[in-house]
Amino acid sequence: MRRSAGNRKPGGWSREVVPAIFILALAFWPQLAAGQDWFRTGTGLGVSKPRVAVADIVPRSPQAQSLSTLFSDVLRNDLDFSGILDLASKSFYPTQVPSIPGELNGAVWTAAPISAQFLAFGNLTAAGNDLSIAAWFNDVRNPSAPPVVGRVYHGAMTEADTRKFAHQFADEIIAALSGGVPGIASTQIAFVSARSGNKEIWVMDYDGANQHQLSSMHSISLTPRWSPDASRIAFTCYPTTGIVSAQICMYSTLTNKLLTWPRYRGTNSAPAWSPDGSKVMFMSSMYGNPELFIADSDGSHVKRITYAVGASTSAAWNPKTGQQVAFVSDRGGTPQLYTMDADGGEVQKVPLPDMGYVIDPAWSPNGQLLAFSWRRPNGNYDIYAMDISTHQLVELTRDAGRNERPSWAPDGRHLVFESTRTGTREIWSMLADGTNVHQLTMQGDNESPNWSPK
Amino acid sequence: MRTRSVGSVIRLSLLVLVIAGAGCKHPAPVTQAPPAPAAPPAQPTVTLQATPANIQSGQSVTLRWTSTNATTLTLGPAIGAVAAEGTSTVAPTDSTTYTITATGPGGSADASAHVTVASAAPAPAPTSPSATLEEMFTREMQDAYFDLDKADIRADAKQALSKSAQFLRSYPQIKVALEGHCDERGSTEYNLALGDRRAQAAKDYMVSLGVPADRMQTVSYGKEKPFCNEHTEACWQQNRRAHFAMAK
């Protein structure tokens, strides 16, 4: 097997990856053993990660203390969850920290046990209602070099603005350290929550902060999907006027209103965006059997795509090529994954053993990995990722309730999913290797997360 | 040809072993009493009762059966294999003789029960005159149940839908929402599709029984409105159904 320890960071996969299922998989597909360098969107696998310290941001006034602490904490969490660096423990830090570059003594930070290569630091001023943050990110081993990142932020003296600036600064650092791949600290996650009494569409920051309800359908709303430009969220809804049936609803995140979308006969559900945002593929039984249809993003020019016995649904467009669509069908007896061209041609079953259900396809941003949920015959649902060209497979969750509905972050390094591991269904995020798992929702029944594309 | 010769060799070897084994054994003493002959397998018995034995069309009958010494029981018409004892509710639209056949090692036995069905009473249907239409609807309409991942109308679902069609034919003013439901095991999205197929299959069968299609509006709720919330097969079966709701 090529999945040698040198290909991944120590302690990462070994616990998560699945001797039993993997050996089983190998028995079914000898070609699995032939893959190489399969997890190309991984988290700096095989590369030693830069070690980073984040000094407490220095408050310039007593009333700035709580926001300084918030900024430092949010920044540390963002960097820690990025997966591309090692964060030096705060307990090692000196009591005197720099507030401006002129106060920086690099030797303090490069010495063991901090052993940092980079330091984030700065100061925060709160005057009247105004917030001002100056923050730097320096290479402490090269004291004479200019800051890697230096930014000044101005806003309102609120927690919301403080969080926003901490996320922006984190994304600048992550982009600088990862060769320009943008961070995801400013992204959002749409999801379904029943905490208001009905299942409605909600949105939260990527770290679980700022959870708020978007839709007010007062019925059942399901399966939110961000448009590629993040200006709209398509979802499954049950309008409370007219004939009761599942329909596609379209929410504008710019105007915070529902856009007009045509109603079609039968059940209509599970919208999926083409990567250019011009088309939506969705399941509809408008002609009788549940099949996949494609329409313009305003719902017009609808056209049937699949022709098969049983149900076809859960379309996921390859975001890189725009040519290939993964979907779920029970045409073979049980729900399994298939791929096809976006016009319906070249239908192929994704080669997995015919055991249990394979559902919830989600394509990584680079189009190489297909994440999905697999309900094995023992009844557990777990998240898997498969390299679509080599069919190499990795189990990302294990023995922790039902784990379903993976959705990729735009950096291709993170996944969000739903899990019942605490006894209730909640939203969780993790690195795409199954590590660094974070619980994002804590109350009520929450499901169907979808990561904003930017 | 090779397989046959191999088989011959094996049989020959076994024969040799048996002969060799017999040759080594001491002969049994002739004074030993002969073994008691094995008791012949007991003859199966079966009973079948239908209660009540006389109904109006649209009413239901409980079939109750017991059996002994049987390994398989088949109840007909159109019910199939059943347990050693039990009950089943049927709603024949015409007079019917139900027969149960018990088969076991000792042979087989039959029992029959006849149900006489009087032609449908003129509307209102034979229910308490004080019952509202909603109450009668709830009492008379029967949902169709489905197998896992399937939208095929089972034999028991045909009986249930026949009863529901009978009621709807008697009350042409009623319109229904025909809801497709699923158990919790598939995904939300797959279950919305599967529930749609179940509602549609039930509607098609109702149409075949003479209920006009425009009186039945289908809707799929997938696994969003379960009837039962436990994680057991009994509960899952409750949730795999096409459910009739009276349209407002």
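Rules behind the numbers
- Every chain is numbered independently, its residues counted from 1 as its sequence is written.
- Chains carry letters and ligands carry numbers; both start at the beginning, A for chains and 1 for ligands, and go up in the order they are written.
- Given that the model is predicted, a residue must reach a pLDDT of at least 70 before its local features are reported, and side-chain atom pairs must reach 80 or more before they are shown or counted; all residues, however, enter totals for whole chains, interfaces and linings.
- To get the side-chain values, take all heavy atoms of the structure and skip hydrogens and water.
- Comment: elements are numbered from the N terminus, with helices defined as DSSP H or I runs of at least four residues and strands as E runs of at least two.
- In what follows, residue pairs with any heavy atoms lying within 4.5 Å of each other are defined as contacts.
- In a helix, the anticipated span is given by 1.5 Å times the number of residues less one.
- Only protein chains enter the accessibility calculation, which uses a 1.4 Å probe; a residue is then buried when its area is under 20% of its type maximum, exposed when over 50%, and partly exposed in between.
- Cysteine sulfur atoms are paired as a disulfide whenever they come within 2.5 Å of each other.
- Identification of polar contacts relies on pairs of N or O atoms within 3.5 Å, with a donor-acceptor requirement for protein atoms, meaning one able to donate a hydrogen and the other able to accept it, and with residues adjacent in sequence counted only if both atoms are side-chain atoms.
- pLDDT is a residue-level measure of predictor confidence that goes from 0 to 100.
- Pairing between two strands requires that DSSP report at least two bridges joining them.
- Here the axes come from fitting lines to C-alpha atoms, over the contacting stretch only for helices, and the angles between their N-to-C directions go from 0 to 180 degrees.

### Some remarks on the environment of Lys90(A)
Residue and element names in this part refer to chain A. With respect to the secondary-structure elements, Lys90 resides in the loop between strand E3 (86–87) and helix H4 (106–110). Separated by 24 residues in sequence, Lys90 and Ile114 place their C-alpha atoms 8.6 Å apart. Leave out the neighbours within four places in its chain, and Lys90 touches Asp56 and Arg76.

### A closer look at helix H5 (residues 159–177) of chain A
The α-helix winds at 3.6 residues per turn, so residues separated by three or four positions along the chain end up facing the same way. Residue and element names in this part refer to chain A. For H5, spanning 19 residues, the distance from its first C-alpha to its last is 27 Å, which sits close to the expected 27 Å at 1.5 Å a residue. Residues Asp161, Thr162, Phe165, Ala166, His167, Phe169, Ala170, Asp171, Ile173 and Ile174 constitute the buried set of H5. Buried residues along H5 sit against helix H3 (65–82), strand E4 (118–127), strand E5 (130–139), strand E6 (149–156) and strand E8 (200–205). In the segment just after H5, Gly179 is the residue with positive phi, at about 65 degrees.

### Quick look at the state of the cysteines
All names here are of chain B. Counted by the stated rule, this structure contains two disulfides over all chains. One disulfide bridge connects Cys228 with Cys235, the sulfur atoms lying 2.1 Å from each other. When the S-S torsion is -135 degrees, as for the bridge of Cys228 with Cys235, the disulfide is left-handed. Cys235 matches Cys228 in its accessibility class, with the two residues each being buried.

### Brief notes about the environment of Ala55(A)
Residues and elements named next belong to chain A. Structurally, Ala55 is set in the loop between strand E1 (51–54) and strand E2 (58–59). Between the alpha carbons of Ala55 and Ser72 there is a distance of 7.5 Å; along the sequence they are 17 residues apart. Residues in contact with Ala55, not counting those within four places in the same chain, are Ser72, Arg76, Tyr93, Val97, Trp109, Leu119, Ala120 and Phe121.

### Digging into the side chain of Ser193(A)
Residue and element names in this part refer to chain A. With respect to the helices and strands, Ser193 occurs in strand E7 (residues 188–193). Polar side-chain contacts of Ser193 include one of 2.9 Å to the side chain of Arg195. Of note is the side chain of Ser193, whose polar atom sits 2.8 Å from the side chain of Asn446. Not counting the four nearest positions on each side in its chain, Ser193 is found in contact with Asn198, Lys199, Glu200, Trp202, Asp445 and Asn446.

### Let's talk about the confidence of the model for chain A
Averaged over all residues, the pLDDT of chain A is 89; the fraction at 70 or higher stands at 89%. Here residues 1–44 of chain A is modelled with pLDDT under 50, and outside its nearest four sequence neighbours on either side it reaches 88 contacts, counting other chains as well.

### Remarks on the sheet that holds strand E6 (residues 86–90) of chain B
All names here are of chain B. Strands sit in the order E1-E3-E6 across an open sheet of three strands; the sheet is antiparallel. Each having just a single partner strand, strand E1 (45–51) and E6 make up the two edges of the open sheet. Across the sheet, the axes of successive neighbouring strands diverge by a mean angle of 20 degrees, strand direction being ignored. Judged from the five bridges that link them, strand E3 (residues 61–68) and E6 form a sheet pairing that is antiparallel. Across the sheet, the residue bridging to Trp65 is Gly86, located in E6.

### Concerning the sheet that holds strand E5 (residues 80–82) of chain B
Residue and element names in this part refer to chain B. Spatial ordering of the open sheet is given by E2-E8-E7-E4-E5, a layout of five strands whose pairing is mixed. Each of the sheet's edge strands pairs with one partner strand only, and the pair in question is strand E2 (54–56) and E5. Mean inter-strand twist for the sheet, computed between neighbouring axes without regard to direction, equals 30 degrees. Where strand E7 (residues 96–104) lies against strand E8 (residues 107–118), nine bridges are found, and the strand directions are antiparallel. Its bridge partner being in E8, Thr97 is matched across the sheet by His114.

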